[in-house]
Amino acid sequence: MIEFRPITPHIWRLNLQWDLKIPFYPPIPVAVWLVKDADEWTLVDTGAPAHTSIMMESVSRFLGAAKPSRIVLTHAHYDHGGGLIGLSKQWGLPIWAHALEADFVAGANDYRKIDSQSAIYNLSKRILTPSVWRVPVARALNEGDKVSGMDVIHVPGHTPGMIALHHRADRAIICSDTFMNLGGKLSEPLAMSTPDPAEARRSMKKIAALDFDTLLPSHDPSERGASADSARRFASRF
Ligand SMILES: [Zn+2]
Ligand SMILES: [Zn+2]
């Protein structure tokens, strides 16, 4: 059974398998997080659309009669915002996302319209599944805002308004796609879905400079994340 598993004192992880449907590319894990603050819960990201029912069942099994107080979206890509429509319709949860990501959540903008210098992105964006959710953002977040005991860190490059969440008490950072941790080693976000790779590298360095012990990427079969040291070593090559 797919269950939320404890990662740090306040953070639980649900690991889903996402099939990108690219020839010879295996399914990759994608995380949905529950973060506890006093007696309320925040859901961070929602998996891909195909994960909606399994993700909602897992949340219900874990929280019982309680519901999360909100959804915080790290960014609105297909594999992170897929459950938004179901969750906002069925549970009426408010959606919080960075101010620069809000238009992609609400459907006023589309990642395929981003003006990019990256040849790989410009080739790929036509074949990538669009992620336009058409659900409103209840609260636009900005750098330094506090959410469920975590600091909002703006980490653009992979998308304009991607955020990481720094849980200072747990010394952990939910870093979304700033770093990936596939095959037991850190890597950059996928080039085919990253319109500004130079900015994405600056965001890696920004995270590496923070005070933490555990890096928690969304795409990470180990589930336990990576050490701050490995994140700093990886970011220092850029
Ligand atoms: Zn992404
Ligand atoms: Zn992703």
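Residues numbered from 1 in each chain as written. Chains lettered and ligands numbered in written order. Predicted model: local features only at pLDDT ≥ 70, side-chain atom pairs only at ≥ 80, totals over all residues. Heavy atoms only, no water.

(A) The arrangement of the coordination of the zinc ion (ligand 2) in detail. Only Asp-79 (OD), His-80 (NE2), Asp-177 (OD) and His-219 (NE2) from the protein coordinate the zinc ion (ligand 2), and they sit 2.1 to 2.3 Å from it. Every donor counted, the 4 donor atoms about the zinc ion (ligand 2) form angles of 88 to 158 degrees at the centre, which fits irregular coordination. Going along the chain, you hit the donors of the zinc ion (ligand 2) in the pattern D-H-x96-D-x41-H. In this structure, the zinc ion (ligand 2) is positioned 3.4 Å from the zinc ion (ligand 1), and both are ligated by Asp-177. By the burial criterion, Asp-79 is buried, and His-80 matches it. (Donors = N, O, S within 2.8 Å, 3.2 Å for Na, K, Ca; no water. Tetrahedral: all angles 85-135°; square planar, octahedral: opposite > 155°, others 65-115°. Buried < 20%, exposed > 50% of the residue type's maximum accessible area, 1.4 Å probe, protein only.)

(B) Quick look at the sheet that holds strand β5 (residues 70–72). Pairing is mixed in the open sheet, where 7 strands are placed in the order β1-β2-β3-β4-β5-β6-β7. With partners counted over all chains shown, the strands left at the sheet margins are β1 (5–8) and β7 (139–141), one partner each. This sheet shows a mean twist of 30 degrees between the axes of neighbouring strands, independent of strand direction. One ladder, built from 3 bridges, connects strand β6 (residues 95–98) with β7; its direction is parallel. If you follow His-98 over to β7, its bridge partner there is Leu-141. (Pairing = 2+ DSSP bridges. Helix = DSSP H or I, 4+ residues; strand = E, 2+ residues; numbered from the N terminus. Axes fitted to C-alpha atoms, helices over the stretch in contact; angles between N-to-C directions.)

(C) Focus on the coordination of the zinc ion (ligand 1). Donor atoms from the polypeptide that bind the zinc ion (ligand 1) are His-75 (NE2), His-77 (ND1), His-158 (NE2) and Asp-177 (OD), placed at 2.1 to 2.3 Å. For the zinc ion (ligand 1), the 4 donor atoms in the first shell make angles of 89 to 171 degrees at the metal, so the coordination geometry reads as irregular. Sequence spacing among the residues donating to the zinc ion (ligand 1) works out to H-x1-H-x80-H-x18-D.

(D) Molecular detail of the environment of Tyr-25. Positionally, Tyr-25 belongs in the loop between β2 (11–18) and β3 (28–37). Excluding anything up to four places from it in sequence, Tyr-25 contacts Leu-20, Leu-182 and Leu-190. (Contact = heavy atoms within 4.5 Å.)

(E) Examining the packing of aromatic side chains more closely. Counted by the stated rule, this structure contains 8 aromatic pairs. For the ring pair Phe-4 and Phe-62, a centre distance of 5.6 Å and an interplane angle of 40 degrees mean the geometry is tilted. Residue Phe-4 is located in the segment before β1, and its partner Phe-62 is located in helix α1 (residues 52–63); the two are separated by 58 residues in the primary sequence. Judged by centre distance (6.2 Å) and plane angle (25 degrees), the ring pair of Tyr-78 and Trp-133 falls under stacked. In this pair, Tyr-78 sits in the loop between β5 and α2 (84–90) while Trp-133 sits in the loop between α4 (119–124) and β7, placing the two residues 55 residues apart along the sequence. Assessed through its relative accessible area of 8%, Trp-133 is described here as buried. Ring-pair connections join several aromatic residues into one group, and the members of that group are Phe-4, Trp-12, Trp-41 and Phe-62. Above the face of the Trp-91 ring, Lys-67 is positioned so that its terminal group lies 4.6 Å from the ring centre. (Phe/Tyr/Trp six-rings, centres within 6.5 Å; stacked < 30°, edge-to-face > 60°. Lys NZ or Arg CZ within 6 Å of the ring centre and 35° of its normal.)

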